[in-house]
Amino acid sequence: MTNRTFTMIKPDATEKGSTGAILKMINDAGFRIAAIKMTHLSKEKAGAFYEVHKERPFYNELVDFMSRSPITAAILEKENAVEDFRKLIGATNPANAEAGTIRKLYAASVGENAVHGSDSDENAKIEGDFFFSMLEQF
Ligand code: ATP
Ligand code: MG
């Protein structure tokens, strides 16, 4: 499934009521939703999801943030999904994100940056399977 990526609409965007607007941008950019759910991550689950960042100085802040409010998780399908989605969301720090990207429009800071996008086909599969069983991926 190299034509799929995984995303989360993060707690800051949920709190601001931006979920619908972000999903519309994703839809308008040509991604098909192959799975979707809204859920509230525990600290344990948020910590496990971002385990690769465990040694980074911002890890605890990231785990607190990601478990603060509900998130919307989704698997997205499109040709060249991983790369095209990273382009659509923009740079990690919204200050460096290009105009018209989701992070430029909806993110406030490098820590609270509205959306997650997988960084490789391999991680897209791992991350999608973290949230969705085989019966929930269409
Ligand atoms: P994501 O994996 O969420 O799509 P990314 O791939 O653009 O983001 P990563 O380097 O994987 O960026 O960082 C993961 C997340 O950790 C970031 O999206 C952000 O929420 C947080 N983060 C990254 N760098 C910092 C930082 N310097 N200070 C605070 N939080 C940070
Ligand atoms: Mg990342």
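Preceding this section is the structure that the text describes.
Let me begin by describing the structure that accompanies this report. The model shown is predicted, which means the values in this text are computed figures rather than measured ones.

Next up on the list: the packing of aromatic side chains. Counted according to the given criterion, the structure contains eight aromatic pairs. Over the ring of F31 we find K78, and its NZ or CZ is 5.6 Å from the ring centre.

By size, the foremost hydrophobic cluster in this structure holds 18 residues, and its most contacted members are F6, M8, M66 and F131. Among the secondary structure elements, those contributing two or more residues to this core are β1 (4–9), β2 (32–39), α3 (43–49), α4 (59–66) and β3 (71–77). Take this core: its biggest share by element is five residues, from α4. Once residues within four sequence positions are removed from consideration, F6 is found in contact with F49, A73, A74, I75, H116, G117, S118, A124, E127, G128, F131 and F132.

This part is about the pattern of salt bridges. According to the stated counting rule, one finds 11 salt bridges in the structure shown. The closest approach of N and O atoms between E112 and R68, which form a salt bridge, is 2.8 Å. Residue E112 is located in the loop between α6 (102–106) and β4 (115–117), and its partner R68 is located in the loop between α4 and β3; the two are separated by 44 residues in the primary sequence. A residue is classified by how much of its surface remains accessible, and R68, at 38% relative accessible area, is partly exposed. With its nearest N and O atoms 3.8 Å apart, the salt bridge here joins K87 to E83. Within this pair, K87 and its partner E83 are both found in helix α5 (residues 81–89), separated by four residues, close to a single helical turn. By sharing partners, the salt bridges in this structure join R4, R32 and E77 into a single network.

Criteria and cut-off values
- Residues numbered from 1 in each chain as written.
- Chains lettered and ligands numbered in written order.
- Predicted model: local features only at pLDDT ≥ 70, side-chain atom pairs only at ≥ 80, totals over all residues.
- Heavy atoms only, no water.
- Phe/Tyr/Trp six-rings, centres within 6.5 Å; stacked < 30°, edge-to-face > 60°.
- Lys NZ or Arg CZ within 6 Å of the ring centre and 35° of its normal.
- Core = buried A, V, L, I, M, F, W, Y, C linked by side-chain atoms within 4.5 Å.
- Buried < 20%, exposed > 50% of the residue type's maximum accessible area, 1.4 Å probe, protein only.
- Helix = DSSP H or I, 4+ residues; strand = E, 2+ residues; numbered from the N terminus.
- Contact = heavy atoms within 4.5 Å.
- Salt bridge = Lys/Arg side-chain N within 4 Å of Asp/Glu carboxyl O.

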